[in-house]
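So you can see what is in the structure, the chains are spelled out below.
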Amino acid sequence: MKGISSPLSKRNCLVLDTEICEWDLPGIVSLLQSSPYLKKLVINLSPYDNSKFEFDQDFYSYEFDGVAFLTSANWIFKCFLQSLENIEITGFQPSSSGSKLLGELMQFLLNNAKVLEKVVIYEQSGSLHKSWNSSGPNGNMGNAQRNQIILTLSNSIP
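S.K.: I would appreciate a short explanation of the pairing of strand 5 (residues 128-133) in the present structure.
M.R.: Each regular strand carries side chains that alternate between the two faces of the sheet. Across five bridges, strand 4 (residues 118-123) lies against strand 5 in antiparallel orientation. Considered in strand 5, the bridge of Val-119 is made with Trp-132.

Here's what the structure looks like:
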């Protein structure tokens with residue numbers, strides 16, 4: 001169904017339960033693209049349970065580069081994510097296999113969320129890993145804070 005986008009939604013909060021694997025990124029991007037009024041994004045990182053799905057063996061022969069997809073989709077988001085103020089991540093495991101993709105997804109979000117005010121990351125145990133609040137005069141998060149978030153996530157990647 002290439003070329004068909006999700007209908008626009010008036011949702012202002014979106015909660016995603018995912019491990020963030022390569023194959024999840026197009027769906028996440030589609031949901032974000034169809035949510036121009038989104039103010040809060042919650043990503044509940046949960047372990048992937050592939051026992052729920054049965055894939056044909058041919059499926060595993062397909063290769064998909066999630067990072068390249070996010071880079072190519074970057075131009076699409078110039079007009080979206082204009083309302084995103086808060087990002088919350090729960091279930092973060094600093095050295096998990098999905099941390100690299102999470103870092104890429106966060107960089108993508110930070111580059112495109114123009115009015116971002118707050119980012120909070122909770123570890124899998126429920127304890128606070130790190131929190132950033134806006135310090136800019138207009139209430140938005142500055143580039144230095146956005147870079148600090150990426151650096152913190154990058155240092156957690158194995």
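S.K.: Sorry, what's going on with unusual backbone geometry here?
M.R.: Most peptide bonds are trans, and most residues other than glycine sit at a negative phi. For Ile-20, which is not a glycine, the phi torsion comes out positive at approximately 60°. Note on placement: Ile-20 falls in the loop between strand 1 (13-18) and helix 1 (25-33).

S.K.: Is there a simple way to think about the side chain of Ser-83 in this case?
M.R.: On the secondary structure map, Ser-83 appears in the loop between helix 2 (66-73) and strand 3 (86-92). Only 3.3 Å separates the side chain of Ser-83 from the backbone oxygen of Pro-36, close enough to count as a polar contact. When sequence neighbours within four positions are dropped, the list of residues in contact with Ser-83 reads Pro-36, Tyr-37, Leu-38, Lys-39 and Val-115.

S.K.: I tried to follow the pattern of salt bridges on my own but got confused; where do I start?
M.R.: Any two side chains of opposite charge can pair, so long as their charged atoms come close to each other. The final tally for this structure, using the stated rule, is two salt bridges. When the shortest N-O distance is used, the salt bridge between Lys-39 and Glu-85 registers 3.6 Å. Here Lys-39, found in the loop between helix 1 and strand 2 (40-45), pairs with Glu-85, found in the loop between helix 2 and strand 3; they are 46 residues apart in sequence, far enough to count as distant. Note that Lys-40 and Glu-88 form a salt bridge whose closest N and O atoms lie 3.6 Å from each other. One end of the pair, Lys-40, is in strand 2; the other, Glu-88, is in strand 3, with 48 residues separating them in the sequence. With relative accessibility at 31%, the residue Lys-40 sits in the partly exposed group.

S.K.: It is not clear to me how the sheet that holds strand 5 should be interpreted in this structure. Could you clarify?
M.R.: Spatial strand order, 1-2-3-4-5: five strands in an open sheet with mixed pairing. Each edge of the open sheet carries a strand with a single partner, namely strand 1 and strand 5. The sheet shows a mean angle of 10° between the axes of neighbouring strands, taken without regard to direction. Two elements, strand 2 and strand 3, share five bridges in a ladder whose sense is parallel. Paired with Val-42 across the bridge in strand 3 is Glu-88. Across the sheet, helix 3 (residues 99-112) lies against strand 2, strand 3 and strand 4, angled at about 175° from strand 3, the strand it touches most. Sheet strands touched by helix 4 (residues 143-155): strand 3, strand 4 and strand 5. Its angle to strand 5, the strand with the most contacts, is close to 165°.

Criteria and cut-off values
The residue numbers shown here count from 1 along each chain, following its written sequence. Totals for whole chains, interfaces and linings use every residue, but because this is a predicted model, local features are given only for residues with pLDDT of at least 70 and side-chain atom pairs only at 80 or more, for both listing and counting. The side-chain numbers reported here are obtained from all heavy atoms of the structure, hydrogens and water having been left aside. Strands were regarded as paired on the criterion that DSSP finds at least two bridges between them. Helix and strand labels come from DSSP, where a helix needs a run of H or I of at least four residues and a strand needs a run of E of at least two; each type is numbered from the N terminus. Under the rule applied, a polar contact is a pair of N or O atoms within 3.5 Å (in protein, one hydrogen donor and one hydrogen acceptor; residues adjacent in sequence only if both atoms are side-chain atoms). Contacts between residues were defined by any pair of non-hydrogen atoms, one from each residue, lying within 4.5 Å. One side-chain nitrogen of Lys or Arg within 4 Å of one carboxyl oxygen of Asp or Glu is enough to make a salt bridge. The rule is simple: take the accessible area with a 1.4 Å probe, protein chains only, and divide by the maximum for that residue type; under 20% is buried, over 50% is exposed, in between is partly exposed. Between N-to-C directions, angles cover 0 to 180 degrees, with each direction set by a line fitted to C-alpha atoms, over the stretch in contact for helices.

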